[in-house]
Amino acid sequence: MRYLLLVLLLLSGIARAELPETDWLDLMPEEDQRALEQMPEISHNGPEGSGTFDSKGGLKQQDKGLPAVMYSAKTVPGMNGKKIRLGGYPVPLETNNAGRSTLFFLVPYPGACIHVPPPPPNQLVLVRYPKGIALPDIYEPLWVSGTLKVEKVSNDLADAAYALDASSARMVEEGDL
């Protein structure tokens, strides 16, 4: 009986085990990472600063004379088809009848949807999650797990270099920190 309890406890721990966290920098080729490290500070005081993420082109990169890394759609081929868990902030695109987000961009930092400039395409991930997730606040982080694809995505709002077919999504909890 004691062994059966031990096996059940181990199996329940495995069932709840999550993939290790993938760092956003893992989505950038090494040359982009080096360029990012050498980049001067960017001002967020441009006239676009009052824009919102839901306006047409709100997350699209505009040529404002920034370093090339800020426009980069270069990907890491080894990430294609990889099962990952990525933490970030949602930019909702579509919801189901229950009001749950089924399609959204995941961005690496809060407010990426309104800051100037937006993240480069290789730091934007389109998440497809048919089950949907309630997103009470776009400033609350979430975990998304699933299969990452190197896939160029372009819509009226943004350009992304990756897409993720999510198997799970959940809000970050205090115990995760």
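Just above, that's the structure.
Reading guide: rules and limits
Residues numbered from 1 in each chain as written. Predicted model: local features only at pLDDT ≥ 70, side-chain atom pairs only at ≥ 80, totals over all residues. Heavy atoms only, no water. Helix = DSSP H or I, 4+ residues; strand = E, 2+ residues; numbered from the N terminus. Buried < 20%, exposed > 50% of the residue type's maximum accessible area, 1.4 Å probe, protein only. Contact = heavy atoms within 4.5 Å. Areas by Shrake-Rupley, 256 points an atom, 1.4 Å probe, with all protein chains shown as cover. Core = buried A, V, L, I, M, F, W, Y, C linked by side-chain atoms within 4.5 Å. Phe/Tyr/Trp six-rings, centres within 6.5 Å; stacked < 30°, edge-to-face > 60°. Lys NZ or Arg CZ within 6 Å of the ring centre and 35° of its normal. Polar contact = N/O pair within 3.5 Å; in protein donor to acceptor, adjacent residues only side chain to side chain. Pairing = 2+ DSSP bridges.

Draft legend 1. Representation of the overall build of the protein within the structure. Secondary structure summary: the protein contains two helices and six strands in total. Reading the secondary structure of the protein in the N-to-C direction produces α-β-α-β-β-β-β-β. A burial count over the protein gives 39% of its 177 residues as buried. Pairs at least 24 apart in sequence give 72% of the contacts found in the protein among residues at least 6 apart. In the form shown here, the protein has an accessible surface area of approximately 10,200 Å², with 55% of it arising from carbon and sulfur atoms.

Draft legend 2. Layout of the nonpolar core. Core analysis: the largest hydrophobic core is formed by 21 residues, its most contacted members being Leu106, Val125, Val127 and Val144. Listed by contribution, the elements that provide at least two residues to this core are strand S2 (83-95), strand S3 (101-107), strand S4 (125-133), strand S5 (142-154) and strand S6 (159-171). Top element by residues in this core is S6. It accounts for six residues. Not counting residues within four places of it along the chain, the set of residues in contact with Leu106 comprises Trp24, Leu86, Gly87, Gly88, Tyr89, Pro90, Gln123, Leu124, Val125, Val127, Leu142 and Val144. One finds Val91, Leu126, Leu157 and Ala160 within the second-largest nonpolar core, a separate group that totals 12 residues.

Draft legend 3. Up close: the packing of aromatic side chains. The tally for this structure, following the rule as stated, stands at zero aromatic pairs. The ring of Trp143 has Arg85 sitting right over it, with the charged end atom 3.9 Å from the ring centre.

Draft legend 4. Up close: the environment of Asn155. Locating Asn155 in the fold gives a position in the loop between S5 and S6. The class for Asn155 is partly exposed, based on a relative accessible area of 27%. Separated by 2.7 Å, the side chain of Asn155 and the backbone nitrogen of Leu157 make a polar contact. Within polar-contact distance, the side chain of Asn155 engages the backbone nitrogen of Ala158 at 2.9 Å.

Draft legend 5. Looking closely at the pairing of S2. Two strands pair when backbone bridges link them, and strand S1 (residues 21-22) and S2 are joined in this way by two bridges, in the parallel orientation. Residue pairing across strands places Glu21 opposite Arg85, the latter belonging to S2. Strand direction decides the pairing type here: S2 and S5, joined by six bridges, are antiparallel. Bridging across to S5, Ile84 finds its partner in Gly146. In this structure, S2 lies alongside S3, joined through six bridges in antiparallel fashion. Looking at S3, one finds that Pro92 is bridged to Phe104. Following S2, the chain reverses through five residues before pairing antiparallel with S3; Gly99 in that reversal takes a positive phi of roughly 80°.

None of this, on its own, says anything about what the molecule does.
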